[in-house]
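Structural overview for review
Next come the chains, spelled out residue by residue.
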Amino acid sequence: MCDTIVVINPDGVLFAKNSDRDANEAQFPEWHAAADHAPDATVTTTYLTIPQVPHTFATLLSRPFWMWGAEIGTNEHGVTIGNEAVFTDQPYNDEGLLGMDMIRLALERASTAESAVSVIVDLLERYGQGGGAGHENRSFTYHNSFIVADPTTAYVLETAGDLWAVEHVTNGVRTISNGLTIPSFAADHADKLRGRVAACATRTALTSRSADGAVGAGDLMAVLRSHGETPWPKYRALNGTLTMPCMHGGGVVTSSSSTAGWVSDLTTTTHWLTGTSAQCLSLFKALRVDQPVSIGETPTDAADTDSLWWHHERLARRVMADPATLAPPFLAERDTIEREWLASPPDGQDAWTAHLELISLWLERIGDPVRDARPVWARRYWTKRDRKAGL
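Residues numbered from 1 in each chain as written. Predicted model: local features only at pLDDT ≥ 70, side-chain atom pairs only at ≥ 80, totals over all residues. Heavy atoms only, no water.

1. A short note on the packing of helix α1 (residues 99-109) against helix α2 (residues 113-127)
This is how the line gets drawn: Here, axes are lines fitted to C-alpha atoms. For helices the fit covers the stretch in contact, and angles between N-to-C directions go from 0 to 180 degrees. Elements are defined by DSSP. Helices are runs of H or I of four residues or more, strands are runs of E of two residues or more, and each kind is numbered from the N terminus. Here the word oblique covers every angle except those under 35 degrees (roughly parallel), over 145 (roughly antiparallel) and from 65 to 115 (roughly perpendicular). In this scheme, a crossing is called left-handed if the near helix is turned counterclockwise away from the far one by less than a right angle; it is called right-handed if the turn is clockwise. Only heavy atoms enter the contact rule, under which two residues are in contact if any of them lie within 4.5 Å.
Axis separation between α1 and α2 bottoms out at 9 Å; the angle between their running directions is 130 degrees. For the element pair α1 / α2, the angle class is oblique. In the crossing of α1 with α2, the sense of the turn from one axis to the other is right-handed. Contact with α1, carried on its side by M102, L105, A106 and R109, involves A116, V119, I120, L123 and L124 of α2 and no other residues of that element.

Printed below as a string of structure tokens:
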């Protein structure tokens, strides 16, 4: 489950997304250079092999470790895309392109938001969407909606099977979540029950209200860190923290966690990524398509000792046992550093290294939690995920 936001104002275009997936499903930034390809070349996506195009553009992606495609991404032309799982009345295919595959393919092939929409529609009609998109449950599948933006404009593209609808966004705030939002298309094809369980209407209302008036990347970082009406999450037995943009798992029936955060100022083509889960505790770092960063060990679903994603995960899982007590000792420092970086972004490699070092300091500072303030079902949820990851 995710939230994607675009804001168009006289100063330019802002984009943001939280990628909400399974708790141990590590996600990381990945750079791909522009390339030329032979006439008979193919590209193998998560489940399908399809013809390659003659030239692919350079990309910066946020990719879940096990799939070919990306949850969020941008390219050398500033085209930036995020997708959402949506539930509809149309059949779900056992095989096809994942929404994440379509994001990566569109970024590689399109130089404007308008052309990226055309690429996705063509892929949808040629190959269909489908296949298991969940990590813990590979049979979990869904249809997709997208916000596709560039430095001047944006589009909402929503799908239901091989059907689709497009809305051109020219001004103000537009947000999407885990339900269809283009009115006529939603009226015809939305699965209202699954949309209610996913709390999509709650989150789109919250993100729309919170992003109204946003003028810079820092404003949208605050939206992605929101837990709704309370400073820290309240866990529901049915769906955990699905009512808030910054998710922390913990549901009995369904659940999701914010495993990556991304904010773009498309006027300057500067992209701010956490490269970690739990945006409320993380640090956004400015990264660029043309300046790859060495991220060290590539994380998977097994806890390691070197990657930023799992290093931060140890901090986040400790803090979230009792965030009201354990977060304040380092959040003020985090906020000060981030304000300085927003005013004058450091080199991406320097910022990445600094974040790793800061996490070590913060872990020492907070110590071990004295209590776990979460409800019993949330504690059980995280105990199970810790065991699976080898923490």
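2. Digging into the sheet that holds strand β8 (residues 59-64)
What counts, and what does not: Note: two strands are recorded as paired if DSSP finds a minimum of 2 bridges between them.
Here seven strands make up an open sheet; going across it, the order is β3-β8-β9-β10-β11-β12-β13 and the pairing antiparallel. Taken across any chain shown, the strands that pair with only one partner, and hence form the sheet edges, are β3 (27-32) and β13 (163-169). Direction aside, neighbouring strands of the sheet carry axes that sit 20 degrees apart on average. Against the sheet, α1 touches β3, β8, β9 (72-75), β10 (80-86) and β11 (143-149), its axis set at about 160 degrees to β10.

3. Details of the packing of aromatic side chains
We count it as follows: A pair of aromatic rings is counted whenever rings of Phe, Tyr or Trp (Trp by its six-membered ring) have centres within 6.5 Å, and the orientation is called stacked for planes under 30 degrees apart, edge-to-face for over 60 and tilted otherwise. Only protein chains enter the calculation, and the probe is 1.4 Å; a residue is then buried if its accessible area is under 20% of its type maximum, exposed if over 50%, and partly exposed in between. Definition used: whenever NZ (Lys) or CZ (Arg) falls within 6 Å of the ring centre and also within 35 degrees of the ring normal, the charge is taken to sit over that ring.
One pass over the structure, following the stated rule, counts five aromatic pairs. An angle of 80 degrees between the planes, with centres 5.2 Å apart, marks the rings of Y381 and W382 as edge-to-face. Both residues of the pair, Y381 and W382, count as buried. Through a chain of ring-to-ring contacts, three or more aromatic side chains come together here, namely F87, F140 and Y142. If you follow R104 out to its NZ or CZ, it ends over the ring of W68, 4.1 Å from the centre.

4. Brief notes about the pattern of salt bridges
Pairing is possible between side chains of opposite charge, provided their charged atoms come close. Note the threshold: The rule for a salt bridge is simple: a side-chain nitrogen of Lys or Arg has to be within 4 Å of a carboxyl oxygen of Asp or Glu.
Taken as a whole and assessed by the stated rule, the structure comprises 19 salt bridges. A salt bridge links R21 to E71; the nearest nitrogen and oxygen atoms lie 2.9 Å apart. Note that R21 is positioned in strand β2 (residues 12-21) and E71 in the loop between β8 and β9, a separation of 50 residues in sequence. For the pair shown, R21 and E71 are each scored as buried. Note that R104 is salt-bridged to E108, the shortest N-O span being 3.3 Å. Here R104 pairs with E108, and both are found in helix α1, just four residues apart, close to one helical turn. Of the residues examined, R104 reaches a relative accessible area of 8% and is grouped as buried. We classify E108 as buried; its relative accessible area is 7%.

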